[in-house]
Amino acid sequence: WERATWDEVLDDIAARVRKALQEERRNEIMYHVGRPGHELLYHQRILHSWGIDGHNSHTNVCSAGARAGYAFWSGIDRPSPDHANARFILLLSSHLEAGHYFNPHAQRIIEAKNSGTKICVIDTRLSNTASKADYWISSWPGSEGAILLAMCNIILQEDLFDRQFVRQWVNWEDYLREEHADKAPTFQTFIRVLKDLYTQYTPEFAAKEAGIDAKVIVDVAHEIAKAGSAFSSHVWRNTAAGNLGGWQVARALQFLVVLVGAVGTPGGTAPNAANKFVPMPPLMPPPKAPKRCRRRTKRWCA
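Enquirer: I'd like to hear about the overall build of the chain, residue by residue, with values.
Expert: Scanning the chain for helices and strands turns up 13 helices and 10 strands. Within the span of the chain, comprising 302 residues, buried residues form 41% of the whole. Long-range pairs, those at least 24 residues apart, make up 69% of the contacts in the chain with a sequence separation of at least 6. For the chain, the exposed surface amounts to about 17,900 Å²; the carbon and sulfur share of it is 54%.

Next comes the structure, spelled out in structure tokens:
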């Protein structure tokens, strides 16, 4: 370490950024903020105007995986569970309720529990929330996707899914046209294909992957089906961002939510943008396009 003045630090950083911009190495510049407090920060606007897309923050190691899984499903990157009105709550890993600044979520969960709502927590560790759960599934890290798909398979095979919701809100016509054009384009065909597709994800398969009892998977799947549209869920942090396939866990969880029709319902799980107002921030300035040199070369001027 070496003591330096602010002028020395700013000159050093500015020179490094300038050199990278002049040499067309914009993708080698990254800037990190702890936890963004605004949708678009002032320094982000400046760096974006220079053509730099190297934003990094706490989100990348906390929830980025889960956000991706949700976004691929519905274009909105975060869930908003209505724990207060839920009949069954499913929480995976270090979720919002275990965070130090989401006390209202924890309060709603306990109030729901006191009113008869059952809770399942899938978490290797016995967290504060898991200690209050009716079902604590201490599975092997990274096996959460297998557990969720097994639950989906049970609900499919036993015809416990919300048929009307799936028919209305899932793009099954597009799926059949693109993937099974040789089959009759009917909803019944789609259900048969779906059952065949997920039949491999049995409770026994998931139990072996996760190191847990297969009966617990069946019991929780039945509880979720019984709750129906009043099924709330959440996944964050180590399940979603702590392993390579974390974004797939969020997709599998949302599949489970969709099957029982618990999207945007009282006691269900809504897309976060559906129930709150976020004022639009100022438009990001367009990146400055490099100008072609007058010389007849393929190089660009800085």
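And the narrative resumes.
Enquirer: Could you give an account of a nonpolar patch on the surface, naming the residues involved and the relevant values?
Expert: A cluster of nonpolar side chains, namely Trp6, Val9, Leu10 and Ile13, defines an oily patch on the protein surface of about 440 Å² accessible area. By secondary structure assignment, the location of leucine 10 is in helix H1 (residues 6–22). Taking relative accessible area as the criterion, leucine 10 reaches 48% and is therefore assigned partly exposed.

Enquirer: Please set out the packing of helix H6 (residues 144–157) against helix H13 (residues 246–259) residue by residue, giving values where relevant.
Expert: Where H6 meets H13, the closest approach of the two axes is 9 Å, and the angle between their N-to-C directions is 20°. Taken together, the axes of H6 and H13 lie roughly parallel to each other. In the crossing of H6 with H13, the sense of the turn from one axis to the other is left-handed. Contact residues: H6 offers Glu144, Gly145, Leu148, Leu149, Met151, Cys152, Ile155 and Leu156, while H13 offers Val249, Ala252, Leu253, Phe255, Leu256 and Leu259.

Enquirer: Break down the nonpolar core for me, with residues and values.
Expert: Judged by nonpolar contacts, the single largest core of 58 residues is most densely connected at Leu90, Ile224 and Phe231. By residue number, the principal contributor to this core is H6, which donates 10 residues. With residues up to four places along the chain from it excluded, the contact list for phenylalanine 231 reads Phe88, Leu90, Ile224, Leu256, Val257, Val260, Ala262, Gly267, Gly268 and Thr269. Leu91, Ile109, Ala130 and Ala133 belong to the second-largest nonpolar core, a separate cluster that totals 9 residues.

Enquirer: Break down the pattern of salt bridges for me, with residues and values.
Expert: Under the counting rule described, the total for this entry stands at 15 salt bridges. For aspartate 12, the salt bridge identified is with arginine 16, shortest N-O distance 3.1 Å. Here the residue aspartate 12 and the residue arginine 16 both occupy positions in helix H1, the gap between them amounting to 4 residues, near one helical turn. For lysine 113, the salt bridge goes to aspartate 134, with nearest N and O atoms at 3.8 Å. In this pair, lysine 113 is assigned in helix H5 (residues 103–114) and aspartate 134 in the loop between strand E5 (118–122) and strand E6 (135–137), connecting sequence segments 21 residues apart. For aspartate 134, a relative accessible area of 39% gives the class partly exposed.

Enquirer: Tell me about the sheet that holds E5, and name the residues and values.
Expert: Pairing is parallel in the open sheet, where 4 strands are placed in the order E6-E5-E4-E7. Two strands in the sheet have a free side with no partner beyond their single neighbour: E6 and strand E7 (231–235). Here the strands of the sheet are splayed against their neighbours by 10° on average, with no regard to which way each runs. Pairing of strand E4 (residues 88–92) with E5, which is carried by 5 bridges, proceeds in the parallel orientation. Each bridged residue has a counterpart across the sheet, and for leucine 91 the counterpart in E5 is valine 121. Packing of H6 onto the sheet brings it into contact with E4, E5 and E6, and relative to E4 it is tilted by some 155°.

Enquirer: Describe H6, and please don't skip the residues or the numbers.
Expert: Between the first and last C-alpha of H6 there are 20 Å, a value that for 14 residues agrees with the 20 Å anticipated at 1.5 Å per step. Most of H6 is tucked away, with 13 of its 14 residues classed as buried.

Enquirer: With reference to specific residues and values, describe the pairing of E5.
Expert: Of all 5 residues in E5, 4 are buried, a share of seventy percent or more. Sheet topology places E5 next to E6; 3 bridges connect them, and they run parallel. Across the sheet, the residue bridging to cysteine 120 is tyrosine 135, located in E6.

Enquirer: Give a description of the confidence of the model for the chain that names residues and reports values.
Expert: Summary statistics for the chain give a mean pLDDT of 87 and a share of 87% for residues scoring 70 or more. Of all the helices and strands in the chain, strand E10 (residues 300–301) carries the lowest mean pLDDT, 40, while helix H11 (residues 214–227) carries the highest, 98. Counted against residues more than four places away or in other chains, residues 293–302, with its pLDDT under 50, gives 14 contacts.

About the criteria used
- Residues numbered from 1 in each chain as written.
- Predicted model: local features only at pLDDT ≥ 70, side-chain atom pairs only at ≥ 80, totals over all residues.
- Heavy atoms only, no water.
- Helix = DSSP H or I, 4+ residues; strand = E, 2+ residues; numbered from the N terminus.
- Buried < 20%, exposed > 50% of the residue type's maximum accessible area, 1.4 Å probe, protein only.
- Contact = heavy atoms within 4.5 Å.
- Areas by Shrake-Rupley, 256 points an atom, 1.4 Å probe, with all protein chains shown as cover.
- Patch = residues over 30% accessible without salt bridge, like charges linked within 9 Å, V, L, I, M, F, W, Y side chains within 5 Å.
- Salt bridge = Lys/Arg side-chain N within 4 Å of Asp/Glu carboxyl O.
- Axes fitted to C-alpha atoms, helices over the stretch in contact; angles between N-to-C directions.
- Parallel < 35°, antiparallel > 145°, perpendicular 65-115°, else oblique.
- Left-handed = near helix turned anticlockwise from the far one by under 90°.
- Core = buried A, V, L, I, M, F, W, Y, C linked by side-chain atoms within 4.5 Å.
- Pairing = 2+ DSSP bridges.
- Expected span 1.5 Å × (residues − 1).
- pLDDT = per-residue confidence, 0-100.

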